[in-house]
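Given next are the chains, with one letter for each unit.
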Amino acid sequence: MKIEFSEIDRDLDKIEGMNGLKYAMAVAVAGRLNLLAVGKPGCGKTLVLQCMPQLLPNLSDEEKVTTDRLYSLAGMNYKDNHRPFRMPHQTCTIEGACGGGANCHPGEISLAHNGVLFLDEAAEFRSSVLQMLRVPLETHQITLSRAGRTTVYPARFQLVMATNPCPCGNYGVKDRICLCSARSLEQYWNKFSAPLLDRVHIMWNNEDADFYPNLTVKELRGLIKTAYEMQIERGEFNGNLTDPSKYEKIASTLSESAKKILDVEINHNNWSSRRIQNIVKTARTIADMHGWSEINDFAINDALNLRTESALDVL
Ligand SMILES: [Zn+2]
């Protein structure tokens, strides 16, 4: 598979700052990992994430056949080689998200197959839609039943969500006061639910914004290309790994000292085994971006930074 990129009508290089989110987005693309961006209103997170297609490698010929077919079933034409990037509106219904209706058409999650499903202002989506995502994120497909007929559509998408830290937008933001009650804050985050958040590999929040150097699209694409090559050689993308034996294989590439760094963090935090796996998959992706066979100290520390939850102690 030849790894190529296409130009889009947006340009990440034209956005100043937001280096942390640009990097987090590139890591997510590189490993097909799920990403949640938390930031105050107007910080630019949506602008950056809308440039994600610029970093997505084109579909392979085989993937293109499936995408063409899914779009034609939905009554649409998919003309180019871009990896799908779907951005449904917050009013999206369950049927619109997973498919169905009289003709049992594919929904947004299938139109995003082999690409990205981007939920901007994710907390504004119906809880039922957010909760529905959990199963296809695991099984990479969706089963639709209607009038005794069952249809299975592929739905292996990368989930990207953007949201404010709280209803007023100021929670955890430096020099700002959050006016939300503890109860409304809890209700806000409950909408996402722990099982859905457990499937998010990378979490970014605007307080760590300028910790990272400013990498250009060309540089980010280079890192993504290397990561794709490494993973294609292994046979699976880190974000799509569900088989425990395959996970063990990537976990076994942690160096002795990286393992020690991770163990210290595990002892300090009450992480579920899924969260630990998410960190290891992120660290493996960072190592892949550099072509390293081992997950070294740099990769594990970088992955731990991308799990910043300081603004989210409500979780
Ligand atoms: Zn607030």
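Residues numbered from 1 in each chain as written. Predicted model: local features only at pLDDT ≥ 70, side-chain atom pairs only at ≥ 80, totals over all residues. Heavy atoms only, no water.

Caption draft 1: Quick look at the coordination of the zinc ion. Looking at the zinc ion, one finds its protein donor set to be C166 (SG), C168 (SG), C178 (SG) and C180 (SG), positioned 2.2 to 2.4 Å from the metal centre. Read in sequence order, the donor residues coordinating the zinc ion give the pattern C-x1-C-x9-C-x1-C. Separated by twelve residues along the polypeptide, C168 in the loop between strand 8 (158-163) and helix 8 (182-190) and C180 in the loop between strand 8 and helix 8 bring together distant segments of the chain. Here C168 falls in the partly exposed class, since its relative accessible area comes to 31%. On the basis of relative accessible area, C180 is assigned to the buried category, the value being 19%. (Donors = N, O, S within 2.8 Å, 3.2 Å for Na, K, Ca; no water. Helix = DSSP H or I, 4+ residues; strand = E, 2+ residues; numbered from the N terminus. Buried < 20%, exposed > 50% of the residue type's maximum accessible area, 1.4 Å probe, protein only.)

Caption draft 2: Geometry of the pattern of salt bridges. Following the criterion strictly, the structure yields 14 salt bridges and no others. R199 is paired through a salt bridge with E138; the nearest N and O atoms lie 3.0 Å apart. Here the residue R199 occupies a position in the loop between helix 9 (194-197) and strand 9 (202-205), and E138 occupies one in helix 7 (residues 134-139), the gap between them amounting to 61 residues. Connected through salt bridges with shared partners, the residues R32, E63 and R83 form a single ionic network. (Salt bridge = Lys/Arg side-chain N within 4 Å of Asp/Glu carboxyl O.)

Caption draft 3: Geometry of the packing of aromatic side chains. Applying the stated criterion across every chain yields a total of eight aromatic pairs. Both rings, one in Y188 and one in F192, keep their centres 6.4 Å apart while their planes meet at 65 degrees; by these two values the pair is edge-to-face. Classification of Y188 as buried rests on a relative accessible area of 12%. With a relative accessible area of 0%, F192 lands in the buried category. Aromatic pair W292 and F298: ring centres 5.8 Å apart, planes at 90 degrees, arrangement edge-to-face. Accessibility expressed as a relative area gives 29% for W292, which makes it partly exposed. You can call F298 partly exposed: its relative accessible area is 44%. By way of ring pairs, the aromatic residues Y188, W189 and F192 are connected into one cluster. In this arrangement the basic side chain of R32 is found over the ring face of F237, its NZ or CZ atom lying 4.0 Å from the centre. (Phe/Tyr/Trp six-rings, centres within 6.5 Å; stacked < 30°, edge-to-face > 60°. Lys NZ or Arg CZ within 6 Å of the ring centre and 35° of its normal.)

Caption draft 4: Fine view of unusual backbone geometry. For M18, which is not a glycine, the phi torsion comes out positive at approximately 55 degrees. Take M18: it is sitting in the segment before helix 1 (19-31). The backbone of N114 shows a phi angle near 65 degrees, a positive value even though the residue is not glycine. Within the element layout of this structure, N114 appears in the loop between helix 5 (108-111) and strand 5 (116-119).

Caption draft 5: Expanded view of helix 10 (residues 217-234). The first and last C-alpha atoms of helix 10 sit 26 Å apart over 18 residues, in line with the 26 Å expected at 1.5 Å per residue. Within helix 10, burial applies to V217, L220, R221, L223, I224, A227, Y228 and Q231. All buried residues of helix 10 project into a common sector of 160 degrees when viewed along the axis, lining one side. Exposed positions of helix 10 whose direction lies more than 90 degrees from the buried face are K218 and E233. At its buried positions, helix 10 is contacted by helix 1 and helix 13 (273-289). Two residues or fewer past helix 10, G235 is found with a positive phi of approximately 105 degrees. (Expected span 1.5 Å × (residues − 1). Arc of directions from axis to C-beta. Contact = heavy atoms within 4.5 Å.)

Caption draft 6: Quick peek at the domain arrangement of the protein chain. On domain assignment, one finds that the protein chain holds domain 1 (12-211) and domain 2 (226-310). Relative to domain 2, the C-alpha centre of domain 1 lies at a distance of 22 Å. On the side of domain 2, 24 residues touch domain 1, which itself brings 24 residues to the contact. Summing the contributions of domain 1 and of domain 2, the shared interface buries around 2,200 Å²; its carbon and sulfur component is 51%. Of all residues in domain 1, D198, H201 and M203 give up the largest surface area on contact with domain 2, accounting jointly for 27% of the area buried on that side. Summed over the shared surface of domain 1 and domain 2, the number is two salt bridges. In this structure, the salt-bridge partner of D198 is R275, at a minimum N-O distance of 3.1 Å. The interface formed by domain 1 and domain 2 holds ten residue pairs in polar contact (both at pLDDT 80 or more) in total. At the level of elements, helix 1 and strand 9 are the ones that each hand at least two residues to the side of domain 1 that touches domain 2. The biggest single contributor to the side of domain 1 that touches domain 2 is helix 1, with seven residues. (Domains from an automatic or database assignment. Buried area = accessible area lost by both parts, 1.4 Å probe. Polar contact = N/O pair within 3.5 Å; in protein donor to acceptor, adjacent residues only side chain to side chain.)

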